[in-house]
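Residue-level structure breakdown
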Amino acid sequence: MSRPDPAETFRQEARDLLEALEQALLDLSEDHGDRELVDTAFRALHTLKGSGSMSGFDEVAAFVHDFETAFDRVRKGLAPISDALVRIALNAKDHVQLLIAEPGVHAAAGMPILAALHALVAENGVAAPPPGDAAMARPAKTVAEDGSASGWRVRFRLPGDAMAMGTNPLLLLEELRDLGPCEIVADDEAVPPLDDFDPLVIYLGWDVTLRADVPREAIEDVFLFLRDAMELSIDPLADERAEAGSDGADEPADVPVERAAPIKAAAASASKSGGASLRVAAERLDELMDCVGELVIAQARLSQIAGHSQDVGLSSVAEDIERLAATLRDTTMSVRMVPIGSLFGRFRRLVHDLADDLGKEVQFVTMGEETELDKTMVERLADPLVHIIRNAIDHGMEKPDKRLADGKSTCGTVRLTAVHSGAEVAISVSDDGAGLNAQRIRAKAEEAGLITPEARLSDHELFQYIFHPGFSTAQEITSISGRGVGMDVVKRAIEGLRGTIELTSKAGEGTKATLRLPLTLAIVEGMLVRVGDGRYAIPLSAVEECLELPASEVAGTSGRNFLDVRGTLVPYLRLREMFGTDAPPDLHQKVVIVGSGDLRVGLVVDQIIGNAQTVIKSLSRLHAGIGTFSGATILGDGEVALILDVAQLVSSAEQQQRRVSGRNLGIAA
Amino acid sequence: MSKTILTIDDSPSVRQLVALTLSTAGYSVIEAGDGAEGYEKATTNRVNAVITDLNMPVMNGLDFIRKYRAHPSSAGIPIIFLTTESDDALKTEARAAGATGWLVKPFKQDQMLAIMRKVVGA
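Owing to the predicted nature of the structure, the values given are computational and were not obtained by experimental measurement. (Residues numbered from 1 in each chain as written. Chains lettered and ligands numbered in written order. Predicted model: local features only at pLDDT ≥ 70, side-chain atom pairs only at ≥ 80, totals over all residues. Heavy atoms only, no water.)

Thoughts on the UniProt feature "modified residue: Phosphohistidine" (unreviewed entry) in chain A
Following the UniProt record, one finds the feature "modified residue: Phosphohistidine" (unreviewed entry) at His46 of chain A. With respect to the element layout, His46 of chain A can be found in helix 2 (residues 35-54). (UniProt positions renumbered as here; feature names shortened; annotations may be inferred. Helix = DSSP H or I, 4+ residues; strand = E, 2+ residues; numbered from the N terminus.)

Details of the UniProt feature "modified residue: 4-aspartylphosphate" (unreviewed entry) in chain B
All names here are of chain B. Within the UniProt annotation, "modified residue: 4-aspartylphosphate" (unreviewed entry) is assigned to Asp53. Looking at the secondary structure, you find Asp53 in strand 3 (residues 49-53). The buried category is assigned to Asp53, whose relative accessible area is 4%. In this structure, Asp53 is in contact with Ile8, Asp9, Asp10, Gly61, Leu82 and Lys105, ignoring residues within four places of it in sequence. (Buried < 20%, exposed > 50% of the residue type's maximum accessible area, 1.4 Å probe, protein only. Contact = heavy atoms within 4.5 Å.)

Digging into the sheet that holds strand 9 (residues 424-431) of chain A
All names here are of chain A. Spatially, the five strands line up as an open sheet ordered 6-8-9-11-10, and their pairing is mixed. Of all the strands in the sheet, just strand 6 (361-367) and strand 10 (500-506) have a single pairing partner and so form its edges. Between one strand axis and the next, the sheet turns through 15 degrees on average, direction left out of account. Where helix 17 (residues 487-496) meets the sheet, it contacts strand 10 and strand 11 (510-518), and its direction lies at approximately 135 degrees from that of strand 10. (Pairing = 2+ DSSP bridges. Axes fitted to C-alpha atoms, helices over the stretch in contact; angles between N-to-C directions.)

A closer look at the sheet that holds strand 5 (residues 101-104) of chain B
All names here are of chain B. Strand order in the open sheet made by the five strands is 2-1-3-4-5, with parallel pairing throughout. The open sheet terminates on both sides in strands that have one partner only, identified here as strand 2 (28-32) and strand 5. This sheet shows a mean twist of 20 degrees between the axes of neighbouring strands, independent of strand direction. Inspection of the sheet shows strand 4 (residues 79-83) paired to strand 5 by four bridges, in the parallel sense. Each residue of the ladder has a partner; that of Ile80, found in strand 5, is Gly101.

Topic: unusual backbone geometry
In the Ramachandran plot, Arg566 of chain A falls in the positive-phi region, its phi being about 45 degrees despite a non-glycine side chain. The phi torsion at Val58 of chain B lies on the positive side, around 65 degrees, for a residue other than glycine. Following the sequence through the fold, Val58 of chain B ends up in the loop between strand 3 and helix 3 (61-69).

Focus on empty space enclosed by the protein
Any empty space left between the atoms is revealed when a probe the size of a water molecule rolls over them. For the coordinates displayed, the defined rule picks out one cavity of 30 Å³ or more. Taken as a whole, the largest cavity spans an internal volume of roughly 80 Å³. Thr167, Asn168, Leu171, Leu172, Val222, Phe223, Leu224, Phe225 and Leu226 of chain A together with Thr100, Lys118 and Val119 of chain B together form the lining of the largest cavity. The class makeup of the residues in the lining of the largest cavity is eight nonpolar, three polar and one charged. (1 Å grid on protein atoms, 1.4 Å probe; cavity = no way out; pocket = protein on both sides within 12 Å on 5 of 7 lines; lining within 4 Å. Points joined across faces, edges and corners; volume = space filled by probe spheres on them. Nonpolar A, V, L, I, M, F, W, Y, C, P; charged D, E, K, R; others polar.)

Here's the deal with the nonpolar core
Generally speaking, nonpolar side chains in soluble globular proteins are found buried as a group. Leu381, Leu385 and Ile427 of chain A are the most contacted members of the largest nonpolar core, which has 47 residues in total. Once residues within four sequence positions are removed from consideration, Leu381 of chain A is found in contact with Ile340, Leu343, Leu373, Ile427, Ile494, Leu497, Leu515 and Leu517 of chain A. One finds Ile8, Ile51, Leu82 and Leu113 of chain B within the second-largest nonpolar core, a separate group that totals 46 residues. (Core = buried A, V, L, I, M, F, W, Y, C linked by side-chain atoms within 4.5 Å.)

As for the pattern of salt bridges
Tallied over the entire structure, the rule returns 37 salt bridges over all chains. Across the salt bridge formed by Asp72 of chain A and Arg75 of chain A, the nearest N and O atoms sit 3.3 Å from each other. Separated by three residues within a single helix, Asp72 of chain A and Arg75 of chain A lie in helix 3 (residues 58-75), roughly one turn from each other. A salt bridge links Arg66 of chain B to Glu93 of chain B; the shortest N-O distance between them is 3.6 Å. In this pair, Arg66 of chain B is assigned in helix 3 and Glu93 of chain B in helix 4 (residues 88-97), connecting sequence segments 27 residues apart. The exposure class assigned to Arg66 of chain B is partly exposed, which follows from its relative accessible area of 37%. (Salt bridge = Lys/Arg side-chain N within 4 Å of Asp/Glu carboxyl O.)

Considerations on the packing of helix 4 (residues 83-101) of chain A against helix 5 (residues 110-121) of chain A
Residues and elements named next belong to chain A. Two numbers describe how helix 4 lies on helix 5: the axes approach to 10 Å, and their chain directions differ by 150 degrees. In terms of their interaxial angle, helix 4 and helix 5 are classed as roughly antiparallel. Both helix 4 and helix 5 take part in a crossing whose hand is left-handed. Residue-level inspection shows Ala84, Leu85, Ile88, Ala89, Asn91, Ala92 and His95 of helix 4 in contact with helix 5, the latter providing Gly110, Ile113, Ala116, Leu117, Leu120 and Val121. In terms of residue class, the contact of helix 4 with helix 5 is made up of ten nonpolar, three polar and no charged. (Parallel < 35°, antiparallel > 145°, perpendicular 65-115°, else oblique. Left-handed = near helix turned anticlockwise from the far one by under 90°.)

Let's talk about a nonpolar patch on the surface
Residue and element names in this part refer to chain A. Together, Val191, Leu194 and Phe197 line one region of the surface with nonpolar side chains, adding up to about 300 Å² of accessible area. With respect to the element layout, Val191 can be found in the loop between strand 2 (182-187) and strand 3 (205-210). For Val191, a relative accessible area of 35% corresponds to the partly exposed category. (Patch = residues over 30% accessible without salt bridge, like charges linked within 9 Å, V, L, I, M, F, W, Y side chains within 5 Å. Areas by Shrake-Rupley, 256 points an atom, 1.4 Å probe, with all protein chains shown as cover.)

A short note on the packing of helix 1 (residues 6-30) of chain A against helix 1 (residues 12-24) of chain B
Between helix 1 of chain A and helix 1 of chain B, the shortest axis-to-axis distance is 8 Å and the interhelical angle comes to 155 degrees. Here helix 1 of chain A lies roughly antiparallel to helix 1 of chain B, going by the angle between them. Here Pro6, Thr9, Phe10 and Glu13 of chain A of helix 1 of chain A come into contact with helix 1 of chain B, specifically with Pro12, Ser13, Gln16 and Leu17 of chain B. Counted by class, the contact of helix 1 of chain A with helix 1 of chain B contains four nonpolar, three polar and one charged residues.

Observations regarding the packing of aromatic side chains
All names here are of chain A. In total, this model carries twelve aromatic pairs over all chains according to the counting rule given. Between the aromatic rings of Phe156 and Trp206, the centroid separation amounts to 5.4 Å while the plane-to-plane angle is 25 degrees, which identifies the pairing as stacked. Of this pair, Phe156 sits in strand 1 (residues 152-157) while Trp206 sits in strand 3, and the two are 50 residues apart along the sequence. In this structure Phe156 comes out as buried when scored by relative accessible area, which is 4%. (Phe/Tyr/Trp six-rings, centres within 6.5 Å; stacked < 30°, edge-to-face > 60°.)

With respect to helix 3 of chain A
All names here are of chain A. In this model helix 3 runs 24 Å from its N-terminal to its C-terminal C-alpha over 18 residues, within 8% of the 26 Å that 1.5 Å per residue would give. Across the 18 residues that make up helix 3, a large majority, 13, are buried. In the segment just after helix 3, Gly77 is the residue with positive phi, at about 75 degrees. (Expected span 1.5 Å × (residues − 1).)

Pasting the structure below:
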C-alpha cells in the first residue's frame, strides 16, 4: 500500500476548512453579532495556517497568517463585522483556494486583498500590527552572556510538581551529559523523612560541573520548558579552573553533540489506530459498485442454474450467495451515500453573490441537508440546481422596491429542501418572487408553434413548456441567465439521472421547482415484463399497480386508449404496437400502471414475469437518442433486457392524449 | 518495547506528519482528532507521552490537559502542546494546566524528535 501523501491530505483538509470558513462567513453576513461564528472562522484559519506550513504550503501559510492577523482583530472585538468585511474575507478565502490549487502562480494577487482586509479592520485608527513570524522566538539575551567558556557550573532545583507534570530529571541530566563530561552532585538537603515522602515530588537539587566549550544557550535549552518556574544558575567555570590548575584542562572539549539524530531511513510500520471514519478515493467506490453490479448479475445466473439443478448442496450455496450479495449491495450503496448538505453549502455562496450583483435582497433557507443520496447523483445535481437557483433569483425574485410596492418584505426567500419519500428523494427550490407569467409563456409557445391558439391548457400545463428547448421568456439577456442554456438542459440532466422535474407557480406568490430522483443510479429493483418475445424491466419505484386489460379494450383500436381505473380515466400505451411486435398476443394482456410526477399511465404488456435486481448498464452512444429506454440490464440467463424510461413514456402518453382531445375539440368546433 | 505517543490534533495533515515522524523514529503512535477523543485514548491506553494541539473543536487542548492531569494515570506522563501562538500567556496557561513542554508550529521533524528525546528519552 502506498504511504499517504501529506500534501494531498492537506489539500483535502484545506477543502473542508475553507468550506467551514465560507459557511461561517456567510452566516456572519446574516448575523453580524454571532461570536461563535467568528471563533469558528478564526479556528478554520488557524488550523489552515498551522497545517499549511507543516505540509510545505508556505505561500498559503503566509497568506493565511496575514488573513488571520486581520481576523484576529475582529475576534478581539477591535473591528466590527460588516458586509464589506465578509465580502473581502470571501475573496481572501477564494484566493487561498487558488494558492492551494496552483502554487507559485498567484502569490502577488493576494496583496490587494490583504491590503483591503487590513484597511477594513484598522478602520478605528489603530493599524494592525505588521505580520511577523514569531515562531520559535526566544527571549532577548544579552550579548555578553552569549559567550562560551571552557566549562560551566550549573546549579538547579526543579519545581516540586515537575515530575508529576511529566518532566523526568534523569533525562535532563542525560541531556547535560550529552553536552560534555559532567560531574553531578545531588543536593539531598530537602528530602523529608520517609513518612512525609511523596514519590511524585522532586526533593533533590543538582550541582553539575560541565566541562565543555558550549554556549550558555545550549544549557538553557536543556531547561527550556522549566526555566521560568525553576531555580537555575549557570556560571562560567573560568575562575574555578584557574584555582584548580590543570584540573580538567586535558578533558576533550569538543565532544560531538548529538542534538538531532537523522531520522532512520527505514520506515517503521506505523501502528496508527484508525479513527471513526476514513476517507476513500471516489474511484475506488465506483470500482466497488461496478464489482457489486457484476456480482449481482453472476449471482442471478447462479440462482438460475441452481434452480434447475437437483443438487441440494448447490442450491444451498446459491441461496447463501444470494443473501450475501444482497447485503453487500446494500452496504456498498449505503457507503456511497453522502448527505446532500455538502451541495447545499455551495449554493449559499452563489445566492449571496448573485443577490449582491443583482441588487436584490435574498435570504437562503435550506432544509434536509442530512438527506442522503448516491455520491454520483449529488455531483451531477450540482449544475442543474445552480441553474434553477439562478433562475429563481434572476427571474423570479423582484427588486426590493418592487417587492415593497407589492406589499412584500424587501428581502425575498429562496428555499432549498430535500426529503426522502420512499425510494426517491424530492428536492425542491422555491422562491416567493413574482411567479411565472402564464400569458407570456403561452404567447411564446404559440409563437414557437408548440400549441395552437385554440388549445385549452391549464396554467400548470403551460408552465411545463419552459422545459422545451430554446424556450426562454427572459426579455433581456442578463449575465446570469438567459444565455441560451435553458431549462431544457436542466430537464435533460435530471432525466439523465432517471429523475423528473416539475414546476408549479402562482402569480405574485412565487415558483417552485420539484425534482424527484432515485436514491441510486447503479442498481434498481425492477419489474420484469414480457412484450412479444422481448423482456423489459420497469423500475419498481414507478409501478403503482397491475391490472388485467379488460376484454372490451383488447381489440379496441379506437384511438381512445383510456382505462377506467376505479372511476379515473388513465391513458394507456400498447407496448406491442410501440415495439412493432409480430408474435401473437397473449390471451390475457396485463396493464402496468406507472406514475411519474402527478401523471399516471398504463403500459399494456403480454406477461408480468416478476421482480428482478436490475443492474443498470447505459446504452451505447449510438442508442443515446432512443427515448423509450433508459438503459439495459443483463438477466440471470445472460440475456439482455431493456429498461423502460417511465418519464419518457408518460410524457408521450400525455401528448397522445392531447392530440386526441385536440381532435375531439376540432370536431366539436 | 517501543514507547507509545498519543498525538491529538484536529488537523489530519498535522497528525499524519507527527505520526510519520514519530513512527519513523521508532515510536508507536496513537492518534486522536480532539481533546475528548484524546482523553478517552490517553486513559485507556498505555501511553508514554502526549502531543496535543491547543486549538481544537469539541474539547480544546487546555481542557484536555486539565482533565487528563486530573486522572491518576497521567502522573509522570509528559504532555507537549503544539502551538502556532508565540503568545507567552498561552504557554503559561498551558503550563499551569499541567503541560510539560511545547513545540511551536511549524516545526521540523528533528525538532520534534529532539523534544521527544528530551521528555521520554530515545
